[in-house]
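Here's the letter readout for the chains.
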Amino acid sequence: MEQWFKDMESLEGYEEILKYFSDLLTDNELRMLAQRWHIARELISTEDSNIEIAERVEASPSTVGTVAKRVYYGMGGLLGLLGKVLASAEEKKRLKEIKKAMKKKKRDGSYSYAKGYFR
């Protein structure tokens, strides 16, 4: 899997990325990935509950919960990309708070920071 990720670094631009994933994944797999990305954005962009987000993006609450775990407890990949693409000041503020809490978690091993964000 490591080689695959290294190879993906050579993809350049929207068209090349689109062609690559369109060849690699089925339409359903592409929709699933897009839906999970939409959920990640919603988790940062809104203060809505997981159920409200699930209804809006037409996903199950368990899928929203799974994505939320990755956003709040993951390795930071989703938060890193969200930080690059989010536009509003409120979104950036929420993202900054989450990243600060993640640093605290790394220092003390605690996961309690997520209580305010994990809905």
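Residues numbered from 1 in each chain as written. Predicted model: local features only at pLDDT ≥ 70, side-chain atom pairs only at ≥ 80, totals over all residues. Heavy atoms only, no water.

Caption draft 1: Structural detail: the pattern of salt bridges. Applying the stated criterion across every chain, the model contains 3 salt bridges. Residue Lys-6 pairs with Glu-2 through a salt bridge whose shortest N-O separation is 3.1 Å. With Lys-6 and Glu-2 both in helix H1 (residues 2–8), this residue pair falls 4 residues apart, about one helical turn. Across the pair Asp-48 and Arg-56 runs a salt bridge whose closest N-O atoms are separated by 2.8 Å. Taking relative accessible area as the criterion, Asp-48 reaches 23% and is therefore assigned partly exposed. Among the charged side chains, a salt-bridge network with shared partners connects Glu-42, Asp-48 and Arg-56. (Salt bridge = Lys/Arg side-chain N within 4 Å of Asp/Glu carboxyl O. Helix = DSSP H or I, 4+ residues; strand = E, 2+ residues; numbered from the N terminus. Buried < 20%, exposed > 50% of the residue type's maximum accessible area, 1.4 Å probe, protein only.)

Caption draft 2: Main features of the side chain of Thr-63. Its place among the elements puts Thr-63 in helix H5 (residues 61–73). Beyond its immediate sequence surroundings of up to four residues, Thr-63 is in contact with Gln-35, Arg-36 and Ile-39. (Contact = heavy atoms within 4.5 Å.)

Caption draft 3: Local environment of the packing of aromatic side chains. Applying the stated rule across the entire model yields 2 aromatic pairs. With a centroid separation of 4.9 Å and an interplanar angle of 35 degrees, the aromatic rings of Trp-4 and Phe-5 are classed as tilted. Of the residues examined, Trp-4 reaches a relative accessible area of 36% and is grouped as partly exposed. Arranged with centres 5.0 Å apart and planes meeting at 80 degrees, the rings of Tyr-20 and Phe-21 form a pair that is edge-to-face. Using a relative accessible area of 22% as the deciding quantity, one classes Phe-21 as partly exposed. (Phe/Tyr/Trp six-rings, centres within 6.5 Å; stacked < 30°, edge-to-face > 60°.)

Caption draft 4: Broad picture of the layout of surface pockets. In this structure, the largest pocket occupies an estimated 1100 Å³ of space. In terms of lining, the largest pocket is formed by 20 residues, of which the most central are Met-8, Phe-21, Leu-33, Trp-37 and Leu-81. Looking at the lining of the largest pocket, the elements that each hand over two or more residues are H1, helix H2 (13–24), helix H3 (27–45), H5 and helix H6 (77–85). No other element matches the 5 residues that H3 contributes to the lining of the largest pocket. (1 Å grid on protein atoms, 1.4 Å probe; cavity = no way out; pocket = protein on both sides within 12 Å on 5 of 7 lines; lining within 4 Å. Points joined across faces, edges and corners; volume = space filled by probe spheres on them.)

Caption draft 5: Geometry of the nonpolar core. By size, the foremost hydrophobic cluster in this structure holds 19 residues, and its most contacted members are Ile-39, Leu-43, Ile-44, Val-64, Val-71, Leu-79 and Leu-82. The set of elements that each furnish at least two residues to this core consists of H3, helix H4 (50–57), H5, H6 and helix H7 (89–108). The element that contributes the greatest number of residues to this core is H5, accounting for 5 residues. (Core = buried A, V, L, I, M, F, W, Y, C linked by side-chain atoms within 4.5 Å.)

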